[in-house]
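What the coordinates show
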Amino acid sequence: MICLEKKLKKILFLLILVIVALFQITYLESLRIFNVKPDLILVLLVLVSIYFDFKKALVLSIFLGFLKDLFGVDKIALNIPLFVLWSYLVFKLSRKIIVEKNFIKALFVFLINFLHNIIRYFIISFLIKDQIPIFIFLRILILESFYTTLVSPLLFMGFKTFFYK
Amino acid sequence: MNLHLNKFKKRQLINFFYFSLFIFILSLIIPAFRSPVLFILRFPLKILTFLGHEANGIIFYHLNMVQKEKLTKEVEFLKQKLVNLEEVSSENKRLKKLLSLKEETSYKVIAAKVIGRSVDSWSSQIIIDKGSSQGIKEGLVVISYAGLVGRIKEVSLSTAKVMLLNDLNMAVAAMVQRSRQEGLVSGTLSPNLIMRYLPKDSDVKISDTVITSGLTPLYPKGLLIGTVVQIGEEFSGLSRYCIIKPAVNLSSIEEVLIIIS
């Protein structure tokens with residue numbers, strides 16, 4: 001019975017991840033500030049890497065990367081390898097630093113968002129040869145990182161409620 | 001002991017290699033999965049869009065009411081204007097006949113609803129509920145009643161992704177309607193567009209209307225792009241640019257038309 005409940009919770013959690021991804025491409029559009037919107041999928045990646053064991057976090061990071069690449073238009077699915085890398089980084093860091101406070105988790109979100117966008121920029125500019133003007137890049141990089149960080153505590157609360165109540 | 005440690009490290013390295021290879025292959029094949037998965041997800045997307053639309057209607061009830069009154073007045077005014085334009089149009093037809101010009105046929109379009117938008121801030125796109133089964137092909141031009149919207153980027157069986165005008169990868173050959181000054185309009189990932197490669201002495205003024213020039217065969221000539229809101233000089237000092245406010249509100253567009261022929 002408990003096993004079944006656990007399985008159901010797992011399926012429900014995967015469903016929630018899909019719903020959050022669907023939210024990302026529908027309702028979140030109305031929350032754009034300076035034409036930038038928060039990256040909820042990245043916040044989820046940080047959360048699963050902090051709270052789950054390494055294997056689960058790795059599988060979920062591939063799943064989240066897949067969801068993000070699915071709705072994107074990039075010629076190569078860049079999010080999957082990058083998400084795996086961030087998941088590993090967050091997992092290692094979260095085992096060395098106490099991450100119970102929301103402030104620390106938000107800091108993780110900021111760091112990962114910042115790194116993700118920088119690496120993505122370099123890959124797109126140098127490998128795929130899609131040039132992004134530097135001013136536009138900096139505007140989106142800074143605004144998106146701050147915006148995602150500010151929104152992330154809402155997801156932290158939702159995550160805690162789902163797993164601990 | 002040392003041998004065991006070496007074996008363990010070797011096994012770890014092999015595992016790491018296989019995992020990296022798996023991720024690399026996955027990155028390459030994921031774009032091929034987009035079409036079938038989007039086909040499955042189109043129903044929840046449609047439901048979410050519908051719910052959002054209804055919620056919007058309820059939340060902004062008063063605003064909608066005021067807007068309706070304003071629009072009703074505008075419709076009356078436009079009806080009057082249409083009558084005048086019909087007169088001009090028939091006159092135009094007569095004159096064209098006189099000049100033996102080949103009359104342009106009107107576009108054949110397919111209407112589609114917007115069911116999704118960009119996943120991040122690095123691209124500007126929409127997902128529409130029409131795909132290859134309805135005759136949509138990659139590269140087709142997307143418009144709305146107000147003007148040019150973008151171009152079809154990816155097509156699946158029942159959905160398609162449209163790259164909007166303000167995406168960084170968009171470039172449209174355009175011209176200022178009044179002075180016929182040509183330039184290239186591209187996106188900036190902000191609500192406004194930029195028109196580049198204008199000569200230093202180009203005749204461009206604020207509030208000028210910008211339309212497609214038809215220089216590239218992709219976009220038919222005369223599609224409304226927007227109006228000039230700012231004019232500036234490029235860093236080099238050799239040319240000018242102007243900022244254009246798109247005629248279509250790209251962030252809140254709900255229905256589009258795809259020109260199929």
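Bear in mind that the values here come from a model prediction, so they are computed numbers and not experimental data.

So, about the overall build of chain B. For chain B, the count of helices and strands is two helices and twelve strands. Across the 261 residues that make up chain B, the buried fraction comes to 38%. At a minimum sequence separation of 6, the contacts of chain B that also span at least 24 residues come to 55%. Within the structure as shown, chain B displays about 16,200 Å² of accessible surface, and the carbon and sulfur contribution to it stands at 62%.

Moving on, we get to the interface of chain A and chain B. Where interface size is quoted, it is often the accessible area lost as the parts come together. Contact residues are listed per partner, giving 40 residues for chain A and 41 residues for chain B. Here chain A and chain B share zero salt bridges between them. Where chain A touches chain B, the interface holds 14 residue pairs in polar contact (both at pLDDT 80 or more). Only α1 (2-25), α3 (54-71), α4 (79-94), α5 (102-128) and α6 (134-164) of chain A provide two or more residues apiece to the side of chain A that touches chain B. Of all the elements, α3(A) adds the most residues to the side of chain A that touches chain B, at seven residues. Partitioning the side of chain A that touches chain B into residue classes produces 24 nonpolar, five polar and eleven charged.

What follows is about the pairing of strand β6 (residues 171-176) of chain B. Residue and element names in this part refer to chain B. With five of its six residues buried, β6 lies for the most part within the structure. Across five bridges, β6 lies against strand β7 (residues 182-187) in antiparallel orientation. Across the sheet, the residue bridging to Ala171 is Ser186, located in β7. Linking β6 back to β7 in an antiparallel pair, the connection comprises five residues, with Arg180 at a positive phi of about 60°. In the sheet, β6 pairs with strand β9 (residues 209-212) via three bridges, with the strands oriented antiparallel. Paired with Ala174 across the two strands is Thr212, which belongs to β9.

Take the confidence of the model for chain B next. Close inspection of predicted coordinates is inappropriate for parts of the model with low pLDDT. Residue and element names in this part refer to chain B. Averaged over all residues, the pLDDT of chain B equals 84, while 94% of them reach at least 70. Every residue in residues 101-105 scores below 50 in pLDDT, and together they form two contacts with partners more than four places removed in sequence or on other chains. Our summary of model confidence lists the complex with pTM equal to 0.75 and ipTM equal to 0.75.

Attention shifts here to the packing of aromatic side chains. Residue and element names in this part refer to chain A. Considering all chains together, one arrives at 13 aromatic pairs over all chains under this definition. Each ring, one from Tyr121 and one from Phe122, has its centre 5.5 Å from the other, and the planes form 70°; the classification is edge-to-face. Here the aromatic residues Phe13, Tyr51, Phe52 and Phe159 are joined through ring pairs into a cluster of three or more. Above the ring of Phe156, the side-chain terminus of Lys105 is found at 5.3 Å from the ring centroid.

Our focus in this paragraph is the sheet that holds β9(B). What holds strands together in a sheet is hydrogen bonding between their backbones, with the strands either parallel or antiparallel. Residue and element names in this part refer to chain B. If you walk around this closed barrel you meet the six strands as β6-β7-β8-β11-β10-β9, and the pairing is antiparallel. Direction aside, the axes of adjacent strands within the sheet are offset by 40° on average. Pairing of β9 with strand β10 (residues 224-233), which is carried by three bridges, proceeds in the antiparallel orientation. Bridge pairing in β10 places Val210 opposite Gly226.

Each packed pair of helices is defined by two parameters, the angle between the axes and the distance between the axes. Residues and elements named next belong to chain A. Packing of helix α2 (residues 40-51) against α4 brings their axes to within 8 Å, and their N-to-C directions diverge by 45°. As judged from the angle between their axes, α2 and α4 are oblique. The hand of the α2/α4 crossing is right-handed. Across from Ile41, Leu42, Leu45, Val46, Ser49 and Ile50 in α2, the residues of α4 making contact are Phe83, Trp86, Ser87, Val90, Phe91 and Ser94. Residue composition of the contact of α2 with α4, grouped by class: nine nonpolar, three polar and no charged.

Once that is clear, we can look at α4(A). Residues spaced three or four apart along an α-helix point in a common direction, a consequence of the helix completing one turn every 3.6 residues. Here α4(A) is 16 residues long and its end C-alpha atoms lie 21 Å apart, about the 22 Å a rise of 1.5 Å per residue gives. Looking only at α4(A), the buried set comprises Asn79(A), Ile80(A), Leu82(A), Phe83(A), Val84(A), Trp86(A), Ser87(A), Val90(A), Phe91(A) and Ser94(A).

Let's shift gears to the layout of surface pockets. When its volume is computed, the largest pocket comes out at roughly 1,700 Å³. Lining the largest pocket are 49 residues, with Asn56(B), Arg117(B), Ser252(B), Ile253(B) and Glu254(B) positioned closest to its centre. Of all the secondary structure elements, the ones that give two or more residues to the lining of the largest pocket are α1 (2-59), α2 (61-98), β1 (109-117) and β11 (239-246) of chain B. If you tally residues by element for the lining of the largest pocket, the top one is α1(B), at ten residues. When its residues are assigned to classes, the lining of the largest pocket shows 20 nonpolar, 19 polar and ten charged. Among the domains, domain 1 (2-62) and domain 2 (171-251) of chain B are the pair contributing at least three residues each to the lining of the largest pocket. Lining the second largest pocket are 27 residues, and of these Pro133(A), Ile136(A), Thr188(B), Ile194(B) and Arg196(B) lie nearest its centre. Elements with a contribution of two residues or more to the lining of the second largest pocket: α6 of chain A together with β7, β8 (193-199), β10 and β11 of chain B. In terms of residue class, the lining of the second largest pocket is made up of 13 nonpolar, eight polar and six charged.

The grouping of Ile14(B), Phe17(B), Tyr18(B), Leu21(B), Phe24(B), Ile25(B), Leu28(B), Ile29(B) and Phe33(B) at the surface amounts to a nonpolar patch, some 880 Å² of accessible area in total. Tracing the backbone through its elements, the reader meets Ile29(B) in helix α1.

Rules behind the numbers
Residues numbered from 1 in each chain as written. Chains lettered and ligands numbered in written order. Predicted model: local features only at pLDDT ≥ 70, side-chain atom pairs only at ≥ 80, totals over all residues. Heavy atoms only, no water. Helix = DSSP H or I, 4+ residues; strand = E, 2+ residues; numbered from the N terminus. Buried < 20%, exposed > 50% of the residue type's maximum accessible area, 1.4 Å probe, protein only. Contact = heavy atoms within 4.5 Å. Areas by Shrake-Rupley, 256 points an atom, 1.4 Å probe, with all protein chains shown as cover. Salt bridge = Lys/Arg side-chain N within 4 Å of Asp/Glu carboxyl O. Polar contact = N/O pair within 3.5 Å; in protein donor to acceptor, adjacent residues only side chain to side chain. Nonpolar A, V, L, I, M, F, W, Y, C, P; charged D, E, K, R; others polar. Pairing = 2+ DSSP bridges. pLDDT = per-residue confidence, 0-100. Phe/Tyr/Trp six-rings, centres within 6.5 Å; stacked < 30°, edge-to-face > 60°. Lys NZ or Arg CZ within 6 Å of the ring centre and 35° of its normal. Axes fitted to C-alpha atoms, helices over the stretch in contact; angles between N-to-C directions. Parallel < 35°, antiparallel > 145°, perpendicular 65-115°, else oblique. Left-handed = near helix turned anticlockwise from the far one by under 90°. Expected span 1.5 Å × (residues − 1). 1 Å grid on protein atoms, 1.4 Å probe; cavity = no way out; pocket = protein on both sides within 12 Å on 5 of 7 lines; lining within 4 Å. Points joined across faces, edges and corners; volume = space filled by probe spheres on them. Domains from an automatic or database assignment. Patch = residues over 30% accessible without salt bridge, like charges linked within 9 Å, V, L, I, M, F, W, Y side chains within 5 Å.

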